[in-house]
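Report on the structure
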Amino acid sequence: GACARSKMAASMELSLEVLPSDPLLLILSFLDFRDLISCSYVSRRLHELSNHNPLWKTHCQKYWLLTESDKAQRNQSWKSLFREVYADLGRYIEHYATLKQAWDNLKKYLDQKCPRMIVSLKEGVKEEELDAVEAQIGCKLANDYRCSFRIHNGQKLVVPGLMGSMALSNHYRSEDLLDIETAAGGFQQRKGMRQCLPLTFCFHTGLSQYMALESVEGRNCNEIFYHCPDQMAQDPSAIDMFITGSSFTEWFTSYVHNVVAGEYPIIRDQIFRYDVIIFAIKHWHKLCLY
């Protein structure tokens, strides 16, 4: 029994060692980076194969959108490049590629249609700055929201804003995407808006889109919305919500899609959004009823 098992184990180990590299590399190419790292501890042969550069090139492209030119500039192997970026952005690995691609698509489109808008974008922030903001407001920020700040820290407070404009009769609105410091300064703890953080701000109206950082007062955590006082409610702190997204990723990527697909036209260097008009009409209708 024991002797037979020992021989079988030795035979299996021998079989692995004598297998040609190509089929083993093909198998390893189907593994996630975590499993690939685990395989590197199984045997010396798998350790060598799991360091194969093309395997890590795939993961660098999939998770970090890195290119051959990125690798050439840093003069590193694909595996060391993956590890270096992971050490800095690892907590965002499920979000980074989606949000980075959205940012890249938006900038590429605006560079052709509205280049002055790109000038207002701010450089990304460091982890320490985001940690400090969480300590300041006493709430955790959603990982995808944090991830976006690592790419771009919103924009300078300018008009027109990155997040779209609206013109209706004598009403004009244009929303800036707030940087994290300004957003933290507008963190809400008043009744009706507890644990809400502004994502955008309009100079003309003073209105913002907010993100709920916790599930309180009937809101879902990470939900994004416009708010206005509910004039029909007896409680003066009651608000009406016009929900614009269930998460930051959904909110931002759907907006970018609408922009680059031409759903939101660019007129006189401004992105015009029609969904904002729906909210404005709804808001005004309530005021008229009141």
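A brief look at the structure comes next. (Residues numbered from 1 in each chain as written. Predicted model: local features only at pLDDT ≥ 70, side-chain atom pairs only at ≥ 80, totals over all residues. Heavy atoms only, no water.)

This next bit is on unusual backbone geometry. In this model, V159 is joined to P160 through a cis peptide bond whose omega is 5°. Phi angles above zero are rare outside glycine, and L65 is one such case at about 55°. Structurally, the position occupied by L65 is in the loop between α5 (53–64) and α6 (68–74). Classification of L65 by relative accessible area gives partly exposed; the value is 26%. (Helix = DSSP H or I, 4+ residues; strand = E, 2+ residues; numbered from the N terminus. Buried < 20%, exposed > 50% of the residue type's maximum accessible area, 1.4 Å probe, protein only.)

With that out of the way, let us pick up the sheet that holds strand β6 (residues 200–202). Read across the open sheet, the 3 strands follow the order β3-β4-β6; overall the sheet is antiparallel. Single-partner strands in this sheet number two, and they are β3 (165–168) and β6. Going across the sheet, the axis of each strand differs from the next one's by a mean of 20°, ignoring polarity. Bridging between strand β4 (residues 171–177) and β6 involves 3 bridges; their strand directions are antiparallel. Residue pairing for β6: D176 is matched across the bridge by F201. (Pairing = 2+ DSSP bridges. Axes fitted to C-alpha atoms, helices over the stretch in contact; angles between N-to-C directions.)

With that out of the way, let us pick up the environment of S246. The residue S246 is located in the loop between β9 (239–245) and α13 (248–260) in this model. You can call S246 partly exposed: its relative accessible area is 48%. Residues S246 and F225, 21 residues apart in the sequence, show an inter-C-alpha distance of 8.9 Å. Not counting residues up to four positions away in its chain, the partners in contact with S246 are C221, N222 and E223. Polar side-chain contacts of S246 include one of 2.5 Å to the side chain of E250. (Contact = heavy atoms within 4.5 Å. Polar contact = N/O pair within 3.5 Å; in protein donor to acceptor, adjacent residues only side chain to side chain.)

All right, on to the packing of aromatic side chains then. Applying the stated rule across the entire model yields 17 aromatic pairs. Judged by centre distance (5.2 Å) and plane angle (55°), the rings of W56 and F82 are tilted. Taken together, the residues W56 in helix α5 and F82 in helix α7 (residues 78–89) connect sequence positions 26 residues apart. The class of W56 is buried, set by a relative accessible area of 1%. Among the residues examined, F82 registers a relative accessible area of 2% and is labelled buried. For the ring pair W64 and F82, a centre distance of 6.0 Å and an interplane angle of 50° mean the geometry is tilted. Residue W64 is found in helix α5, and its partner F82 is found in helix α7; the two are separated by 18 residues along the sequence. By relative accessible area, W64 is classed as buried at 3%. Among the aromatic residues, those joined into a cluster by ring pairs are F33, W56, Y63, W64, F82, Y86 and Y96. Above the plane of the ring of Y226 lies R173, whose end atom (NZ or CZ) is 5.7 Å from the centre. (Phe/Tyr/Trp six-rings, centres within 6.5 Å; stacked < 30°, edge-to-face > 60°. Lys NZ or Arg CZ within 6 Å of the ring centre and 35° of its normal.)

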